[in-house]
Amino acid sequence: MAAVVIGVDPHKGSHTAVVISAAEQPLGEIRVRASKTQADELVAWAAAWPERTWAVEGAAGLGRLLAQQLVAARERVLDVQPKLASRVRLLQAGDTNKNDPNDALSVAVAALRSTASREVIADDYPAVLKVWSRRHRDLARLRNQVACRLHAVLCDLIPGGHSKEISAAQAAKILEQVTPSGAAALARAELAADFLADLRHLDAQLRDTKKKLAAAVRASGTTLTQVFGVGPVIAGTVIGDVAEVSRFPGRDHFAACNGTAPVEVSSGNRKIHRLSLRGNRRINHAIHMAAITQIRHKHSDGRAYYDKKLAEGKTHKEALRCLKRQISDAIFTRLQADARKAAARAKGPGGQPGNDSASSAAGSHPARRLFGQATPGPGTTIRPATTAGTPSKPVSKKTQATT
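How each quantity is defined
- Residues numbered from 1 in each chain as written.
- Predicted model: local features only at pLDDT ≥ 70, side-chain atom pairs only at ≥ 80, totals over all residues.
- Heavy atoms only, no water.
- Helix = DSSP H or I, 4+ residues; strand = E, 2+ residues; numbered from the N terminus.
- Polar contact = N/O pair within 3.5 Å; in protein donor to acceptor, adjacent residues only side chain to side chain.
- Buried < 20%, exposed > 50% of the residue type's maximum accessible area, 1.4 Å probe, protein only.
- Arc of directions from axis to C-beta.
- Contact = heavy atoms within 4.5 Å.
- Pairing = 2+ DSSP bridges.
- pLDDT = per-residue confidence, 0-100.
- Axes fitted to C-alpha atoms, helices over the stretch in contact; angles between N-to-C directions.
- Parallel < 35°, antiparallel > 145°, perpendicular 65-115°, else oblique.
- Left-handed = near helix turned anticlockwise from the far one by under 90°.
- Nonpolar A, V, L, I, M, F, W, Y, C, P; charged D, E, K, R; others polar.

A. Inspection of the side chain of Gln 38 at higher detail. For Gln 38, the position within the fold is in helix 1 (residues 38-45). Within the structure, Gln 38 has its side chain in polar contact with the side chain of His 15 (distance 2.9 Å).

Following this line, the structure appears as structure tokens:
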């Protein structure tokens, strides 16, 4: 029987599937309720088409569970981005009503026509890292909210409040010295005590999450933490969001994905490139934090590269963006090396270990590390001095290539 594509429009309460032929002719349709047997029902219905490929809209989002269940049932599943399906529906001639069957049909057509659909694989350590990195990010945001509210209450209790970043120990010491007078002041003091308790609780949760995230990063066997300024939190964020580095043809595509590659806004004879606000902002923020860490450490090659760009006449922000692109390339090299090692391990004892010479060359000797591990000794500021001194030893092209 001819091969078919089954498009699935997943929802919280139900899933709609439409099967089409290679000529994009609908051959069948089914709607199943979201339940424990949802994957079994779909597979049983699709048994009439042995040569089949499933196309799930948003297999990394709302359709994740169903896609993983189909993969566990040894089905071939493609991840179709909602944007592709919506474009097919928009450009489709004839009936363009917005309903679940038409959405599922658009998903199937998009998977059939597009070469950008990514095959879904079973969850591995990137999914674990994504879980804990997201948990850490959520807790950090909550802690920041509680700290800001505590600052606001302290401004009503003591003159000037607390001007610096506050910790639970500092807040406790301040509240011990406060003697509220009146019902309003007493209420504010009690509220501040509640915020202090919340702050301590969130601090404990953050420490526990960091431990779990660090353990997951170590278990993954990644070498990403060898990049200067990349710790378990940044590594977990990057690996969890990248998932499969093989989906990027090269480092330029990876830089475009994380927003460290400038975008062209040229017109006529004017060739202009501007800062990109596209791409995955979580990965971009992780790279930004790694760049800030490198600049703060004066002994790092990243700081030398930053100083070199300042000496060339670039502003602080321009030099920082140049450094972020270098870090993006270094991260991409490490991810590729990790993928090669994982593939070699999967082949068994007879497999080849792969060539990770580019990655090894960057970290084989401290003098050759463009982005090695961070050590104590940060600078006092990341802002350039008013008079630029002699720039540090520039990074050679050979060293840049290894990163």
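Once you've had a look at it, read on.
B. View of helix 1. Taken together, the buried positions of helix 1 are Gln 38, Ala 39, Leu 42, Val 43 and Trp 45. Projection of helix 1 onto a plane perpendicular to its axis shows the buried side chains occupying an angular sector of 165°, all on one side. Seen from the open side of helix 1, the exposed residues pointing more than 90 degrees away from its buried face are Asp 40 and Ala 44. Check the buried side of helix 1 and you find it contacts strand 1 (4-10), strand 2 (14-20), strand 3 (26-33), strand 4 (52-57) and helix 2 (64-72).

C. The pairing of strand 2, seen in detail. Extensive coverage of strand 2 is indicated by the burial of 7 of its 7 residues. Of the two faces of strand 2, the one lined by Ser 14, Thr 16, Val 18 and Ile 20 and the one lined by His 15, Ala 17 and Val 19 are each fully buried. With 6 bridges connecting them, strand 1 and strand 2 associate as antiparallel partners. Pairing of Val 5 across the sheet is with Ile 20, part of strand 2. The hairpin formed by strand 1 and strand 2 contains 3 residues between the paired strands. Note that strand 2 and strand 3 share 7 bridges and pair antiparallel. In the sheet register, Ala 17 faces strand 3, and the bridge partner there is Ile 30. Between strand 2 and strand 3, which pair antiparallel and follow one another directly, the connecting turn spans 5 residues, one of which, Glu 24, has a positive phi of 65°.

D. Quick look at the confidence of the model for the protein. Mean pLDDT over the protein: 84, with 84% of residues reaching 70 or higher. For residues 351-403, every residue scores under 50 in pLDDT, and the model assigns this stretch 98 contacts once sequence neighbours within four places are set aside.

E. Fine view of the packing of helix 10 (residues 281-296) against helix 12 (residues 316-347). At a minimum axis separation of 9 Å, helix 10 and helix 12 run at an interaxial angle of 110°. The orientation of helix 10 with respect to helix 12, classified from their angle, is roughly perpendicular. Helix 10 and helix 12 meet at a crossing whose hand is right-handed. The segment helix 10 lies against helix 12, with Asn 284, Ile 287, His 288, Ala 290, Ala 291, Ile 292, Gln 294 and Ile 295 engaging Leu 320, Leu 323, Lys 324, Ile 327, Ser 328 and Ile 331. Tallied by class, residues from the contact of helix 10 with helix 12 come to 9 nonpolar, 4 polar and 1 charged.

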